Amino acid sequence: SQEDHERVYKSSKSNADTITSSSPNHQVLYSLDATKLSIYFHETNDDITKEDDESMSKKMKMNKFDRIQFNFPHWLGKANNRYNRQLIDNFLKSATDFITPNTGEIHMALCDGQGGSSASTLEQWKRSWMVALYAADHGLLLTHVLPFEPTHDLSSHRGVDRPFHVGKNPKLYIFAKPNNDSDNKGEKDIVSTSSTMTTMTSSVQLQLCCRHELHIELPSHDQPVEISNDVAEAKIHSPLYTADEMANGDAILNIIQDSVVPKGIRVEVPIRKFLSASTTGLESNIVVFLVVYCGEGRPLTRNEADQYRSTTETEVAKHVPLRQNRIGRMVSKPVPYSLLKGLIEERANDYLT
């Protein structure tokens, strides 16, 4: 309550006066639960009843915000990552409905290492709060991670008016919600966003990515593969790639970009390995591709990436046979792109069989 806040924090009243005196439109609210914003704010003006309109002390008429900021969220007391992740997840789920379409942002200040953007190993990522992961679950894209220098007194250490330490390199995480109404396959255009950014895109190192292997069988002759009638009917207006184009060219990448992923999803094929039949003991030669989906202009979740994997297998099978015992394997868990090179190097031998 306001009374409790003013009793605990010596600067409470003066800070509130500064906010309200700077504009007649400014308000200071107390006792808000950041994970349940719908209790206090209307999602649309149509939701405002006459009783609400006459008593706005319980609900604010404003239904969208240009920015919602949560500085150094933390579960009560010394909490493990599970509780802090739950807090982040619930907050982002609540806040995403109340940011202005196309321009609104959610800002979150975190201590260095908490968010996961600076993780240099998979173990560091797993120990972080993995905020980009939870943001993606609620349709939010992590667009920027910037140095953060608090301009206010850091207080509220365990519920008392006492400062707390944020470490040497606190970070400000900025999330936005892309307008993904248009999901045309293969388009690389990125959707416009807030007035402070010309495009809504995540820098490469921040992009969440999922990966999977694609194993194709090479026929004995470099000819288009005979396909079934139902597949032929679906592809009647599309050219078939030859086995050589599939194995040595950009056919795999082109198929995925043109027929599988929506705009905002970036695709890479960083590994391509030829396995001879004499080496594997199989009847056919095999080419193994490592396919990587990255959330560049739209959030990427594991479930969505696995749908891309399934469609990729279907589309590629229209051109060449796939190795049957490697079909249907779920994509990897999402990780920041910055970790991808290290993960590939660690598992280089795994991609060769």
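It should be emphasised that the depicted structure is a prediction, and the values quoted were computed from it without experimental measurement. (Residues numbered from 1 in each chain as written. Predicted model: local features only at pLDDT ≥ 70, side-chain atom pairs only at ≥ 80, totals over all residues. Heavy atoms only, no water.)

### Observations concerning the packing of aromatic side chains
Step number 1: In the structure shown here, the tally under the stated rule is seven aromatic pairs.
Step number 2: Geometry around Tyr 83 places Arg 82 over its ring, the cationic atom sitting 4.5 Å from the centre.
Step number 3: Its end group placed over the ring of Tyr 337, Arg 266 keeps NZ or CZ at 5.0 Å from the ring centre. (Phe/Tyr/Trp six-rings, centres within 6.5 Å; stacked < 30°, edge-to-face > 60°. Lys NZ or Arg CZ within 6 Å of the ring centre and 35° of its normal.)

### Some remarks on helix α4 (residues 81–95)
Step number 1: For α4, built from 15 residues, the straight-helix expectation of 21 Å at 1.5 Å per residue is met to within 8% by its first-to-last C-alpha distance of 21 Å.
Step number 2: Among all positions of α4, only Asn 84, Arg 85, Leu 87, Ile 88, Phe 91, Leu 92, Ser 94 and Ala 95 are buried.
Step number 3: Contact partners of the buried residues in α4: β1 (67–71), β2 (105–110), α5 (122–127), α6 (131–137) and β4 (171–176). (Helix = DSSP H or I, 4+ residues; strand = E, 2+ residues; numbered from the N terminus. Expected span 1.5 Å × (residues − 1). Buried < 20%, exposed > 50% of the residue type's maximum accessible area, 1.4 Å probe, protein only. Contact = heavy atoms within 4.5 Å.)

### Describing the pattern of salt bridges
Step number 1: On inspection of all chains with the given rule, the structure shows nine salt bridges.
Step number 2: Between Arg 309 and Asp 306 there is a salt bridge, with its nearest N and O atoms 3.0 Å apart. Separated by three residues within a single helix, Arg 309 and Asp 306 lie in helix α11 (residues 302–316), roughly one turn from each other.
Step number 3: The class of Arg 309 is buried, set by a relative accessible area of 7%.
Step number 4: Judged by relative accessible area, Asp 306 falls into the buried class, the value being 15%.
Step number 5: Note that Lys 318 is salt-bridged to Glu 315, the shortest N-O span being 3.0 Å. Of the two residues, Lys 318 and Glu 315, both sit in the buried class.
Step number 6: Because the salt bridges share partners, they merge into one network encompassing Arg 266, Glu 268 and Glu 296. (Salt bridge = Lys/Arg side-chain N within 4 Å of Asp/Glu carboxyl O.)

### Notes on the environment of Ala 16
Step number 1: Topologically, Ala 16 is positioned in helix α2 (residues 12–22).
Step number 2: Assessed through its relative accessible area of 12%, Ala 16 is described here as buried.
Step number 3: Along the sequence, Ala 16 and Leu 29 sit 13 residues apart, while their C-alpha atoms lie 9.3 Å from each other.
Step number 4: Ala 16 has contacts with Val 28 and Tyr 30, leaving out every residue within four places of it along the chain.

### Focus: the sheet that holds β2
Step number 1: What the four strands build is an open sheet, ordered β1-β2-β4-β3; its pairing is mixed. For this open sheet the edge positions go to β1 and β3 (141–147), each flanked by a neighbour on one side alone. Adjacent strand axes in the sheet meet at a mean angle of 20°, parallel and antiparallel pairs treated alike.
Step number 2: In the sheet, β2 pairs with β4 via six bridges, with the strands oriented antiparallel. (Pairing = 2+ DSSP bridges. Axes fitted to C-alpha atoms, helices over the stretch in contact; angles between N-to-C directions.)

### Thoughts on the layout of surface pockets
Step number 1: Within this model, the second largest pocket holds a volume of roughly 360 Å³.
Step number 2: Every residue lining the second largest pocket is counted, 17 residues in all, and those nearest its centre are Leu 133, Arg 302, Ser 332, Lys 333 and Pro 334.
Step number 3: Contributions of two or more residues to the lining of the second largest pocket are made by α5, α6 and α11.
Step number 4: Its residues assigned to classes, the lining of the second largest pocket shows nine nonpolar, three polar and five charged. (1 Å grid on protein atoms, 1.4 Å probe; cavity = no way out; pocket = protein on both sides within 12 Å on 5 of 7 lines; lining within 4 Å. Points joined across faces, edges and corners; volume = space filled by probe spheres on them. Nonpolar A, V, L, I, M, F, W, Y, C, P; charged D, E, K, R; others polar.)

### A word on empty space enclosed by the protein
Step number 1: Here the structure, examined in full by the defined rule, presents three cavities of 30 Å³ or more.
Step number 2: Estimated volume of the largest cavity: approximately 80 Å³.
Step number 3: Lining the largest cavity are 13 residues; nearest its centre among them are Ala 132, Leu 141, Leu 142, Leu 208 and Gly 295.
Step number 4: Listed by contribution, the elements that provide at least two residues to the lining of the largest cavity are α6 and β3.
Step number 5: At three residues, α6 tops the list of elements feeding residues into the lining of the largest cavity.
Step number 6: One number sums up the size of the second largest cavity: a volume of about 50 Å³.
Step number 7: Together, Gly 115, Gly 116, Ser 117, Trp 125, Ala 132, Leu 142, Gln 205, Leu 206 and Pro 336 line the second largest cavity.
Step number 8: Here the residues of the lining of the second largest cavity are counted per class, giving five nonpolar, four polar and no charged.

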